[in-house]
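# Reading the structure
Here's the letter readout for the chains.
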Amino acid sequence: MLSDNEIVALVRQEVEDAQGYDEDVLAQKRAQAMQYYHGQMWQAPEGRSNLVSHDVADAVHHTLSQITPMFQSSMINFMPENEEDEKAAQMESDVVRWMIERNDGFAILNSAAHDALLVGNGWIKVDVEETSDVETERYPLDITEEQLFLLSQPTAENQQVDIRQNKKSWSIRRTTTTSELTIKSISPDVMLFTYSYDQFEFDELRFVGERKLMSESDLIGMGVKREDIESIPRQDYSSWTASRAREGIYQDQAGEQEAKQSAEILRECFDCYMRIDLDENGTSELRHLFYGGDVLIINEEAECIPYATGSPICIPHRIQGTGLYELMYQVQDAKTSILRKYVDGLEVSLQGKMGAVEGQVNMQDLTNARLNGVVRMRSPDAIVPIPSNANSAEALGGLQYLDSVAEQRGGASVELNTSDKQLMSSSATAASGGLEIKEKMAGWYCH
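Below you will find a few notes about this structure. All values derive from a computational prediction rather than experimental measurement.

### A short note on the overall build of the protein chain
- Looking only at helices and strands, one finds 14 helices and eleven strands in the protein chain.
- Expressed as a percentage of the 447 residues in the protein chain, the buried residues total 39%.
- In the protein chain, once contacts between residues fewer than 6 apart in sequence are set aside, the share between residues at least 24 apart is 69%.
- Here the protein chain displays about 26900 Å² of accessible surface, and carbon together with sulfur accounts for 50% of that area.

Written out as structure tokens, the structure reads:
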């Protein structure tokens, strides 16, 4: 039988080898996708335009606006196996819809779809959370046995009653456990998974984990001793590049926002579902393992992996799919480059570029950019205009071409305004065919 230390060592190795860990290839892709989404691209030299084209974000937003109504429709239906099964299937469909609405499920689906469109995969956790409510009652010692027996009976479902006799009274402690279905959208930045090349089904994965930042107060509530909490690493603001990139322009301020009280200081833990041979008898079993540092907090049998993941563009036989970032980042690079050159060229055309004879012109007067300012010079030929090549038409043509590339890669929904104008000017038959293509593309992403 493996000891707790051996279990922690094995699960830690799986965590560090998993895809998405810290700054591996998948984590860097997630970080780059967020940077392009926020428009955080390379800086131009001083004095040049830093304009950014937001094609990745536009593609995500336009596509999301088309598929969101599909999530809120009555698309959740269980198909009956026969005529006798119709009522049961309808009841199951209604119950599932009700549970999704009760847990704000449509907003959760929308959040997961947003992640999937951007980075390639959205993640949802469906689990049952148990909460315990403890009440203590006290009664005098002179109550009868019959009264004590009645008081010892549960007053609610899933209630345990513990009776103790103290010096002055009877103490009756009632612990009521309630279970609730929870649905949560999980940020892809904290999701880890490992699979071998012969495991293509999600339920067959050897390891799925989630990086969790737990406050010391929460850890104490889970039964972790204070001395063990000190051995669990604090949140590291310099690592996990994808999580930092999601903060956008605020990522450098994260380290300044650490809690001032120890109860709210965040510790780095990992909530994992792993196939492991605990008894070392050659047979693996699925376990729920929750640990932080060297402390094993939860070790229990798991019936399933309570996560679900999906991709707008699936890669057959692989968990990680493709998102719009991978389709659009080259377009955004090219359009950003052209836009900056276009703006720089436009500024040169509007302001003009001047040549000055050295020593014949007061350079401070010439470069202060004052409107109608006097420029002192010693001869009328000391300043000459330098003609510039206006490439506005070529730049605009390049931008239009790249817009067509973006539309072909991401579907007509990426350029809704342009495509709609084109459809309005075409024949009814062509317009109908174009709309059908748009619907199919959005439906494919949604599926």
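### Things to note about the sheet that holds strand 7 (residues 285-292)
- Reading across the sheet, the five strands line up as 4-5-6-7-8 and stay open at both edges, with antiparallel pairing between neighbours. Strands at the two margins of the open sheet, each flanked by one partner only, are strand 4 (191-194) and strand 8 (295-301). In this sheet, neighbouring strand axes are inclined to one another by 20° on average, regardless of whether the strands run parallel or antiparallel.
- When strand 4 meets strand 5 (residues 207-215), the two strands line up antiparallel, connected through four bridges. The residue bridging F193 from the neighbouring strand is V208, located in strand 5.
- The strands touched by helix 1 (residues 4-17) are strand 4, strand 5, strand 6 (266-276), strand 7 and strand 8; relative to strand 6, the strand with the most contacts, the crossing angle is about 95°.

### A few points about helix 4 (residues 86-102)
- End to end, helix 4 covers 24 Å across 17 residues, agreeing with the expected 24 Å (1.5 Å per residue, within 8%).
- Every buried residue of helix 4 is accounted for by A89, S93, R97, M99 and I100. One face of helix 4 carries all of its buried residues, which in axial projection span an arc of 160°. Those residues of helix 4 that are exposed and aimed more than 90 degrees away from the buried face are K87 and M91.
- A positive backbone phi angle near 55° is found at D104, which sits one or two residues after helix 4.

### Structural notes on the nonpolar core
- Counting residues in hydrophobic clusters, the biggest one holds 26 residues, and the most contacted among them are V56, L117, L118 and Y325.
- Elements represented by at least two residues in this core include exactly helix 2 (25-38), helix 3 (55-71), helix 5 (105-119), helix 9 (241-246), helix 10 (324-351) and helix 12 (392-410).
- Ranked by residue count, the leading element in this core is helix 3, at six residues.
- Look past the residues within four positions of Y325 in its chain and what remains in contact with it is K29, Q32, A33, Y36, V56, L117 and L118.

### Thoughts on the environment of C269
- Residue position: C269 is located in strand 6.
- Linking C269 and M214, residues 55 residues apart in sequence, is a C-alpha distance of 6.8 Å.
- Apart from residues lying up to four places away in sequence, C269 is in contact with E210, R211, K212, M214, L219, I232, F290, Y291 and G292.

What counts, and at which threshold
Residues numbered from 1 in each chain as written. Predicted model: local features only at pLDDT ≥ 70, side-chain atom pairs only at ≥ 80, totals over all residues. Heavy atoms only, no water. Helix = DSSP H or I, 4+ residues; strand = E, 2+ residues; numbered from the N terminus. Buried < 20%, exposed > 50% of the residue type's maximum accessible area, 1.4 Å probe, protein only. Contact = heavy atoms within 4.5 Å. Areas by Shrake-Rupley, 256 points an atom, 1.4 Å probe, with all protein chains shown as cover. Pairing = 2+ DSSP bridges. Axes fitted to C-alpha atoms, helices over the stretch in contact; angles between N-to-C directions. Expected span 1.5 Å × (residues − 1). Arc of directions from axis to C-beta. Core = buried A, V, L, I, M, F, W, Y, C linked by side-chain atoms within 4.5 Å.

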